[in-house]
2 protein chains.
Amino acid sequence: MTKLSDVAKKAGVSSTTVSRVINNYGSLSEKTRAKVFSAMKELNYQPNSLARSLQGKKTQLVGVIFPSVTNPFYAELIEDLENKLFGADYKIILCNSANNSEKERSYLRMLQANQVDGIIAGTHNTNIEEYKTLDLPVVSFDRHLSENIPIISSDNYQGAQLATKELIANGANQIYFVGNVNVSPNENPTDLRVQGFEDTLKQHKLESHYFSVKTDNSVAIKKMLIRDFLNNHKVDGIFASDDSTALLIINIAKELNIDIPKQLRVIGFDGTKFIQNYFPELSTISQPISDIADLLISTLELRINDKKNYHNVTLALPNKLIRSSTTASI
Amino acid sequence: MTKLSDVAKKAGVSSTTVSRVINNYGSLSEKTRAKVFSAMKELNYQPNSLARSLQGKKTQLVGVIFPSVTNPFYAELIEDLENKLFGADYKIILCNSANNSEKERSYLRMLQANQVDGIIAGTHNTNIEEYKTLDLPVVSFDRHLSENIPIISSDNYQGAQLATKELIANGANQIYFVGNVNVSPNENPTDLRVQGFEDTLKQHKLESHYFSVKTDNSVAIKKMLIRDFLNNHKVDGIFASDDSTALLIINIAKELNIDIPKQLRVIGFDGTKFIQNYFPELSTISQPISDIADLLISTLELRINDKKNYHNVTLALPNKLIRSSTTASI
DNA sequence: ATGAAAGCGCTAACAG
DNA sequence: CTGTTAGCGCTTTCAT
């Protein structure tokens, strides 16, 4: 690996000078600047990031922690984050927490050890105390991590209102919330989906029903639970906590010869490009992924550049209804 | 950030000693070892990876370059890689090349600058000369990158045979290959899909037809092209170059009231868990993602640990047919 | 069994 | 405008 001093030697100047042209500071004559540049080209020189960071420069590394990358919603959010962070000259260390607290803790330690400039976390694991003591800028997506960690999310309450109203408007009145029903409400923004659902039904003098399918159940188990549910419950409208669950419900309804939307209306939540492209019949609530990514990054950069200024935000971006055939009027 | 010398001071020993217990080498008395450990606990000490790597230790960082993370196949491969690399104490720097050669080059430079131990690349961009001069262990998925870079892939030829036979066996005889038809064949393993398709049809005395839908077309354009294609061609069997394309074909066939599989049999390629879970009707060729990940990693580790030993492999793992309703016999 | 000192590749005062 | 020097946090000879 060729190093700075090699360039210096070749250019016939001191290391300092080379460093100056790399970092473009201080005053240099055009002549030396040119000499150094050509020496760099010739040796195909790449500054060693490790060394630069060691004496104080930022690493331009950001830890990105999400439960998984195979869920299309996270995938699209991560892809957008990657794109935008690349533009801002950051690299991503990808951490899948995978519903595994121990793994998440381990990643947190590792990110510290690697001197990342900051962390974007959208984890599901709860009670990771480490976030409270972490001496690093952190921004959270959709979760309460610790007192002084800002939370960015879509407006789950408003989204749930949109979804529930859509079901009601199209004639449903035995309406279930199916999916991740949280036991400890009001801990996370996502619990607001349940709240918005319940309030909207109440306003329409309808009863709210719940059927719990945990996120960490395997798909086989989920399918079984849903099959059992559809077979044994009087239900004509379902607000699924996410699009994946909605897809499962629709598949099984088809299997059971339940007509959608005549007998059963279904609406999901997330509204990824993927769903819109490959499953356009699904009505859903679309989260503003690009805005979320923008906000996560700008909030993080604020913290990175000004560690004192802890204006402790909780920001919720509005969702949009995507109306399609699974909630069409009969 | 507490540092090694802080621990040393607190434990009443020299930095050298602390370094010894961290790296577990040389001879230490049980007593000092204990003292140091408790000092580390007390100060919640995290060694600085940057500093360690600077004098020669590995960074335990691997660059992972794929076109995107929103394609379920790449997502599942990346997730598997992430899991396994985590187990081997590596962290991932995620690079989406996004059909953008300039971005890929930039990432390559950056990965060098960050002293990653190695790179796993599954790119689509061609003619990145940088791979040829890169002084870093690289392993490729499914692409020819440079003479001395090993290629791991599934057996595209055998997979295409399986798919084509399945179409024929179920009565198709106007059979098209739809999707990414490469212009410069035999450059990449994926071109073997076309070869396997053609050879199999020839063996059955059938003509092979092609309809090209480029990977980098937008979904809207793809849909339009496919709609046009289905409307204007006599076709009763399609081997789609990947499952996403297959899904699009199925959606549009439905729209056009073409009965699948009665009038048209469709088979895809990739066979992700995602497809199996959420679109179980699709017949497809399933690539052994877990084996691919294992092989990518073990091959990379071989190169990392023994830079001389360049046994220049090209390994193709067998695919499996997943038979489902889109190719069912009438 | 432990420590002193040099150095990894780079940057940042401080001189001149 | 340019160079000398010290030092970032850690590891590693070489002593003792």
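Bear in mind the structure is a predicted one, so any value in this text is a computation, not a measurement.

**A look at the protein's contact with DNA strand D**
At step 1: The local shell around DNA strand D holds 25 residues, among which T16, R20 and T32 of chain A together with L4 and Y45 of chain B are the closest.
At step 2: Taking Q55 of chain A, its main chain carries an N or O atom lying 3.5 Å from a base oxygen of DNA strand D.
At step 3: A distance of 3.1 Å separates a phosphate oxygen of DNA strand D from a polar atom in the side chain of N23 of chain B.
At step 4: Looking at the surface near DNA strand D, the elements with two or more residues in it are α2 (15-23) of chain A together with α2 (15-23) and α4 (49-54) of chain B.
At step 5: No other element matches the four residues that α2 of chain B contributes to the surface near DNA strand D.
At step 6: A class-by-class count of the residues in the surface near DNA strand D yields eight nonpolar, twelve polar and five charged.

**Remarks on the protein's contact with DNA strand C**
At step 1: In the neighbourhood of DNA strand C, 25 residues make up the surrounding shell, with K3, L4 and Y45 of chain A together with R20 and S27 of chain B lying closest.
At step 2: R52 of chain A places a polar side-chain atom, nitrogen or oxygen, 2.9 Å from a phosphate oxygen of DNA strand C.
At step 3: The separation between a phosphate oxygen of DNA strand C and a polar side-chain atom of S27 of chain B is 2.7 Å.
At step 4: Contributing elements (two or more residues each) for the surface near DNA strand C: α2 and α4 (49-54) of chain A together with α2 of chain B.
At step 5: For the surface near DNA strand C, the element with the most residues is α2 of chain A, which contributes four residues.
At step 6: Tallied by class, the residues present in the surface near DNA strand C amount to eight nonpolar, twelve polar and five charged.

**Regarding the pairing of strand β8 (residues 237-240) of chain B**
Residue and element names in this part refer to chain B.
At step 1: Burial along β8 is two-sided: G237 and F239 and I238 and A240, pointing in opposite directions, are all buried.
At step 2: Here strand β6 (residues 175-179) pairs with β8 via four bridges, running parallel. Bridge assignment links Y176 to a residue of β8, and that residue is I238.
At step 3: A crossover links β8 with its parallel partner strand β9 (residues 265-270), the connecting element being helix α11 (residues 243-255), and its sense is right-handed.

**Concerning the sheet that holds strand β1 (residues 61-66) of chain A**
At step 1: Here we have twelve strands laid out as an open sheet, ordered β11(A)-β5(A)-β4(A)-β3(A)-β1(A)-β2(A)-β2(B)-β1(B)-β3(B)-β4(B)-β5(B)-β11(B), and mixed in their pairing. Whereas interior strands pair on both sides, the edge strands pair on one side only; in this sheet they are β11 (314-317) of chain A together with β11 (314-317) of chain B. When the angles between neighbouring strand axes are averaged without regard to direction, this sheet yields 20°.
At step 2: Bridge analysis of strand β1 (residues 61-66) of chain B against strand β2 (residues 91-96) of chain B gives six bridges, and the strand direction is parallel. Note that in β2 of chain B the partner of F66 of chain B across the bridge is N96 of chain B.

**Points about the interface of chain B and chain A**
At step 1: Between chain B and chain A, the contact holds 49 residues from the first and 49 residues from the second.
At step 2: Carbon and sulfur atoms make up 61% of the area that chain B and chain A hide from each other, which totals about 4,700 Å².
At step 3: Among the residues of chain B in contact with chain A, L50, F86 and Y278 of chain B are the three that bury the most area, contributing 14% of the side total.
At step 4: Where chain B packs against chain A, one counts two salt bridges.
At step 5: Taking the shortest distance from any N to any O, the salt bridge between E82 of chain B and K103 of chain A comes out at 2.9 Å.
At step 6: Linking chain B to chain A there are 22 residue pairs in polar contact (both at pLDDT 80 or more).
At step 7: Mapped by element, the contributors of at least two residues to the side of chain B that touches chain A are α4, α5 (72-87), β2, α6 (101-113), α10 (219-232), α11 and α12 (273-278) of chain B.
At step 8: It is α5 of chain B that provides the largest number of residues to the side of chain B that touches chain A, a total of eight residues.
At step 9: Per-class residue counts for the side of chain B that touches chain A are 25 nonpolar, 17 polar and seven charged.
At step 10: The pairing of strand β2 (residues 91-96) of chain A with β2 of chain B spans three bridges and is antiparallel. Note on β2 of chain B: the bridge partner recorded for I93 of chain A is I93 of chain B.

**A look at the packing of helix α1 (residues 4-11) of chain B against α2 of chain B**
Residues and elements named next belong to chain B.
At step 1: The N-to-C vectors of α1 and α2 enclose an angle of 105°; their axes lie 8 Å apart at closest approach. Relative to α2, the element α1 lies roughly perpendicular. Between α1 and α2, the residues in contact are L4, S5, V7 and A8 and S15, V18, S19 and I22, respectively.

**Details of the relation of the copies chain B and chain A**
At step 1: Mapping chain B onto chain A leaves a residual RMSD of 0.1 Å; the transformation is a rotation of 180° accompanied by 0.0 Å of translation along its axis. Overall, the copies show the geometry of a two-fold rotation axis. Minimal C-alpha distance to the rotation axis in chain B is attained by I93 of chain B, lying at 2.3 Å.
At step 2: A shared interface surface links the copies, since 100% of the contact residues of chain B are contact residues in chain A too.

**Re the packing of α1 of chain B against helix α3 (residues 30-43) of chain B**
Residues and elements named next belong to chain B.
At step 1: Direction vectors running N to C along α1 and α3 enclose 120°, while the axes themselves pass 9 Å from each other. The pairing of α1 with α3 is recorded here as oblique in orientation. The two elements α1 and α3 meet at a crossing, and its hand is right-handed. Contact with α1, carried on its side by D6, V7, K10 and A11, involves K35, V36, A39, M40, E42 and L43 of α3 and no other residues of that element.

**Things to note about helix α9 (residues 191-203) of chain B**
All names here are of chain B.
At step 1: In a regular helix each residue adds 1.5 Å, so 13 residues correspond to 18 Å; α9 covers 19 Å between its end C-alpha atoms and thus fits that length.
At step 2: Considered for burial, the residues of α9 that qualify are D191, R193, V194, G196, F197, T200 and L201.
At step 3: Buried residues in α9 make contact with α8 (156-169), β6, β7 (209-212), β8 and β9.
At step 4: Just beyond α9, the residue with positive phi is K205, at close to 55°.

**Some details on the UniProt feature "domain: HTH lacI-type" (unreviewed entry) in chain A**
At step 1: When the UniProt feature table is mapped onto this chain numbering, "domain: HTH lacI-type" (unreviewed entry) sits at residues 2-56 of chain A.
At step 2: With 67% helix and 0% strand, residues 2-56 of chain A has end C-alpha atoms that lie 22 Å from one another.

So, how was this worked out
- Residues numbered from 1 in each chain as written.
- Chains lettered and ligands numbered in written order.
- Predicted model: local features only at pLDDT ≥ 70, side-chain atom pairs only at ≥ 80, totals over all residues.
- Heavy atoms only, no water.
- Near = heavy atom within 4 Å.
- Polar contact = N/O pair within 3.5 Å; in protein donor to acceptor, adjacent residues only side chain to side chain.
- Helix = DSSP H or I, 4+ residues; strand = E, 2+ residues; numbered from the N terminus.
- Nonpolar A, V, L, I, M, F, W, Y, C, P; charged D, E, K, R; others polar.
- Buried < 20%, exposed > 50% of the residue type's maximum accessible area, 1.4 Å probe, protein only.
- Pairing = 2+ DSSP bridges.
- Right-handed = clockwise from strand over helix to strand, strands pointing away.
- Axes fitted to C-alpha atoms, helices over the stretch in contact; angles between N-to-C directions.
- Contact = heavy atoms within 4.5 Å.
- Buried area = accessible area lost by both parts, 1.4 Å probe.
- Salt bridge = Lys/Arg side-chain N within 4 Å of Asp/Glu carboxyl O.
- Parallel < 35°, antiparallel > 145°, perpendicular 65-115°, else oblique.
- Least-squares fit on C-alpha atoms with pLDDT ≥ 70 in both.
- Left-handed = near helix turned anticlockwise from the far one by under 90°.
- Expected span 1.5 Å × (residues − 1).
- UniProt positions renumbered as here; feature names shortened; annotations may be inferred.

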